[in-house]
Amino acid sequence: MPDFYKLARKILFRLDPETAHHLTLSGMNVTRRLGLLPHLTGLGPAPNPVGSGIEVMGLRFPNRVGLAAGLDKAGTAVDAFGALGFGHVEVGTVTPRPQPGNPKPRLFRLVEHEAVINRMGFNNPGVDRLLENLGRSRRRFRGVLGINIGKNFDTPNERALEDYVACFRAVYGAADYIAANLSSPNTKGLRDLQNVETCRELVATLQRERRDLALSHDGRQAPILIKIAPDLEADQIRDLAAVFSETKIDGVIATNTTIDRAAVAGHRFAPEAGGLSGTPVRRRATEVIRVLREALDPAIPIIGVGGISSADDAREKLDAGAALVQIYTGLIYRGPALVRKLAAMK
Ligand SMILES: Cc1cc2nc3c(=O)[nH]c(=O)nc-3n(C[C@H](O)[C@H](O)[C@H](O)COP(=O)(O)O)c2cc1C
């Protein structure tokens, strides 16, 4: 059934984007449990790992492609995404307390650009519920599970670190790696945390926490990553790279969505506030990876994300210096076949 996704997309794209999102996640879970997901996607069972997999940050990834944060914010569908062939799945962003996010509508499809604008605002069930959900949804997945953490919208920036620490402690036992999101444009002031002093303090604080937590987790040191925005100037990227190198962070995820609208100027949704993702952010994200790669300690891996909708796009990120890639918007427009193509890449 190679055209199944085309048909599903036709139906889903008639629905409002958020309804389509929820319907897809529940549909995936049900069909996965019935063992039908691989057949419905027309792809057959998930492929065996490429070779013996790839080792990054001391973790073994079955392949180079992961699900980017924000699609499975509540951690309810890890096994289902695993069944699509993802080698890693990043759930969240999760905050210490549950929060509803911004008022709807807050998600817009720019179909002509294979793009999305979102201003979800970290709608999520809170970290305790996320962990409960993972207990049910991560039973078979043999890949790497990342948990992306953030701060509640009503936590002032002066106390943001407390939120990151609270989430870090809570998720430590469940996460293979933990990514601190400093780059969503939809939580007021969040991106201001991407400055040299705050990043240095955040990384040092989380590393201290990790030393303590490792004692009660068989000595296991979960890698710590920071996710950055595509809207940073080259100098800002280099300054942050210096901090990342000095603190020996385990990895950097580049990039989140952009607030720049130049690539979609004139589109009826272009004036909507929020982060733009998909094809229009591809080049910029690659450029950020290139600048970062040049400035960063070569031992620190980059996960490249932003506008990947083909194997060539993924290759562009790897050539720019990424070790792994992630997708979100490309999955919406291209469907699960894209995961398979990227999972097969050496
Ligand atoms: C609807 C939506 C929600 C997102 N939510 C999050 C989030 O909660 N945390 C995060 O770090 N990134 C979030 N992202 C950003 C993606 O993880 C990714 O960095 C970005 O969309 C660029 O990749 P893409 O072009 O493949 O979508 C979100 C993206 C979209 C489209």
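The structure this text deals with has already been given above.
Going along each chain's sequence as written, the residues are numbered from 1 onward. Given that the model is predicted, a residue must reach a pLDDT of at least 70 before its local features are reported, and side-chain atom pairs must reach 80 or more before they are shown or counted; all residues, however, enter totals for whole chains, interfaces and linings. Hydrogens and water are ignored here; the side-chain numbers use all heavy atoms of the structure.

Q: Could you give an account of the pattern of salt bridges, with specific residues and numbers?
A: Pairing between side chains of opposite charge can happen when the charged atoms of each approach one another. Each reported salt bridge corresponds to a side-chain nitrogen of Lys or Arg within 4 Å of a carboxyl oxygen of Asp or Glu. By the definition in use, this model includes 18 salt bridges. Between Arg159 and Glu162 there is a salt bridge, with the nearest N and O atoms lying 2.9 Å from each other. A salt bridge links Arg238 to Asp235, with the shortest nitrogen-to-oxygen separation between them at 3.0 Å. Taken together, the positions of Arg238 and Asp235, both in helix α8 (residues 234-247) and three residues apart, correspond to about one turn of that helix. Salt bridges sharing partners connect three or more residues here, namely Glu18, Lys104 and Arg106. By the criteria applied, helices consist of DSSP H or I runs no shorter than four residues and strands consist of E runs no shorter than two, each listed in order from the N terminus.

Q: I'd like a description of the site of the ligand, backed by residues and values.
A: By nearness alone, 23 residues border the ligand, and Ala69, Thr93, Gly278, Gly307 and Thr329 come closest of all. Between the ligand and Lys227, the relevant distance is 2.8 Å, taken from an oxygen atom to a side-chain nitrogen or oxygen of the residue. Here a polar contact is recorded for every N or O atom pair within 3.5 Å, except that within protein the pair must consist of a potential hydrogen donor and a potential acceptor, and residues adjacent in sequence are included only if both atoms are side-chain atoms. Within the backbone of Gly278, a nitrogen or oxygen atom sits 2.8 Å from an oxygen atom of the ligand. In this description, accessible areas are obtained by the Shrake-Rupley approach with a 1.4 Å probe, and a residue is regarded as covered only by the protein chains that are shown. In the complex, the protein chains occlude 98% of the 610 Å² of accessible area that the ligand would expose alone. Broken down by secondary-structure element, the contributors of at least two residues to the shell around the ligand are β6 (115-118) and β11 (275-278). Looking at the shell around the ligand, its residues break down into eight nonpolar, 13 polar and two charged. A molecule or strand has a residue near it when one of that residue's heavy atoms lies within 4 Å. Each residue receives one of three labels: charged for Asp, Glu, Lys and Arg, nonpolar for Ala, Val, Leu, Ile, Met, Phe, Trp, Tyr, Cys and Pro, and polar for the others, Gly being one of them.

Q: Run through unusual backbone geometry, naming residues and quoting values.
A: A cis amide bond links Gly92 with the next residue in sequence, Thr93, at an omega value of 10 degrees. Among the secondary structure elements, Thr93 is positioned in strand β4 (residues 88-94). The residue Glu114 is not glycine, and still its phi comes out positive at about 45 degrees. Its place among the elements puts Glu114 in the loop between β5 (107-110) and β6.

Q: Any chance you could break down the side chain of His21 for me, citing the residues and the numbers?
A: Take His21: it is sitting in helix α2 (residues 17-33). Looking at His21, its side chain comes within polar contact range of the main-chain oxygen of Leu71, at 3.4 Å. Contacts are assigned to residue pairs with any non-hydrogen atoms lying within 4.5 Å of each other. Residues within four places of His21 in sequence aside, it is in contact with Leu71 and Tyr328.

Q: How would you explain the sheet that holds β11 if you had to name every residue and give the values?
A: For two strands to be treated as a pair, DSSP must find at least two bridges joining them. Reading across the sheet, the three strands line up as β5-β6-β11 and stay open at both edges, with antiparallel pairing between neighbours. Each edge of the open sheet is held by one strand with a lone partner, namely β5 and β11. On average, each strand axis in the sheet is inclined to that of its neighbour by 20 degrees, with strand direction left out of account. Where β5 and β6 come together, four bridges link them in antiparallel fashion. Counted as the bridge partner of Leu107 is Asn118 from β6. Here, axes are lines fitted to C-alpha atoms. For helices the fit covers the stretch in contact, and angles between N-to-C directions go from 0 to 180 degrees.

Q: Quick rundown of the environment of Asp16? Include the residues and the values.
A: Note that Asp16 resides in the loop between α1 (4-12) and α2. The exposure class assigned to Asp16 is partly exposed, which follows from its relative accessible area of 43%. C-alpha separation for the pair Asp16 and Leu107, spaced 91 residues apart in sequence, amounts to 8.6 Å. Exposure is judged per residue with a 1.4 Å probe applied to protein chains only, and the accessible area is read against the type maximum: over 50% gives exposed, under 20% gives buried, and values in between give partly exposed.

Q: Just give me the short version of the sheet that holds strand β10 (residues 251-254), but keep the residues and values in it.
A: With respect to topology, eight strands assemble into a closed barrel ordered β3-β4-β7-β8-β9-β10-β12-β13, the strand pairing being parallel. The sheet shows a mean angle of 25 degrees between the axes of neighbouring strands, direction not considered. Here strand β8 (residues 177-181) runs beside strand β9 (residues 224-228); their pairing, made up of four bridges, is parallel. In the sheet register, Asn181 faces β9, and the bridge partner there is Lys227. In the packing of helix α5 (residues 127-137) onto the sheet, contacts are made with β4 and β7 (144-149), and the angle to β4 comes to roughly 155 degrees. Sheet strands touched by helix α10 (residues 311-320): β12 (302-305) and β13 (324-327). Its angle to β13, the strand with the most contacts, is close to 140 degrees.

Q: How would you summarise the packing of helix α9 (residues 282-295) against α10 if you had to cite specific residues and measurements?
A: Where α9 meets α10, the closest approach of the two axes is 8 Å, and the angle between their N-to-C directions is 20 degrees. Comparing their axes, α10 and α9 come out roughly parallel. α9 and α10 meet at a crossing whose hand is right-handed. For the pair formed by α9 and α10, the contact residues are Arg282, Ala285, Thr286, Ile289, Arg290 and Arg293 on the first element and Asp313, Glu316, Lys317 and Ala320 on the second. By residue class, the composition of the contact of α9 with α10 is three nonpolar, one polar and six charged. Oblique is the label for any angle not under 35 degrees, not over 145, and not in the 65 to 115 range, which are roughly parallel, roughly antiparallel and roughly perpendicular in turn. The crossing is said to be left-handed when, going from far helix to near helix, the turn is anticlockwise and less than a right angle, and right-handed when the turn is clockwise.

Q: Lay out the nonpolar core in plain terms, naming residues and giving numbers.
A: Membership of the largest hydrophobic core comes to 76 residues, with the highest contact counts inside it found for Phe81, Phe86, Ile147, Ile149, Ile226 and Ile228. Setting aside its immediate chain neighbours within four residues, Ile228 contacts Ser183, Gln194, Leu240, Phe244, Val252, Ile253, Ala254, Thr255, Asn256, Val288 and Leu292. In these notes, a set of buried Ala, Val, Leu, Ile, Met, Phe, Trp, Tyr and Cys residues joined through side-chain atoms within 4.5 Å is what counts as a nonpolar core. Counting residues in hydrophobic clusters, the runner-up holds 14 residues, among them Leu59, Phe61, Val144 and Ile303.

Q: Provide a residue-level description of the environment of Arg33, including the pertinent values.
A: With respect to the helices and strands, Arg33 occurs in helix α2. Expressed as a C-alpha distance, the spacing of Arg33 and Asp79, which sit 46 residues apart in the sequence, is 9.2 Å.

Q: Account for the packing of helix α6 (residues 160-171) against helix α7 (residues 196-215), with residues named and values stated.
A: Where α6 contacts α7, the two axes come as close as 10 Å, and the packing angle between them is 30 degrees. One way to sum up the angle between α6 and α7 is to call them roughly parallel. When the axes of α6 and α7 are compared, the crossing they make is right-handed. Judged by residue contacts, Leu161, Tyr164, Val165, Phe168 and Arg169 of α6 engage Glu201, Leu202, Thr205, Leu206, Glu209, Arg210 and Leu213 from α7. Residue composition of the contact of α6 with α7, by class: seven nonpolar, one polar and four charged.

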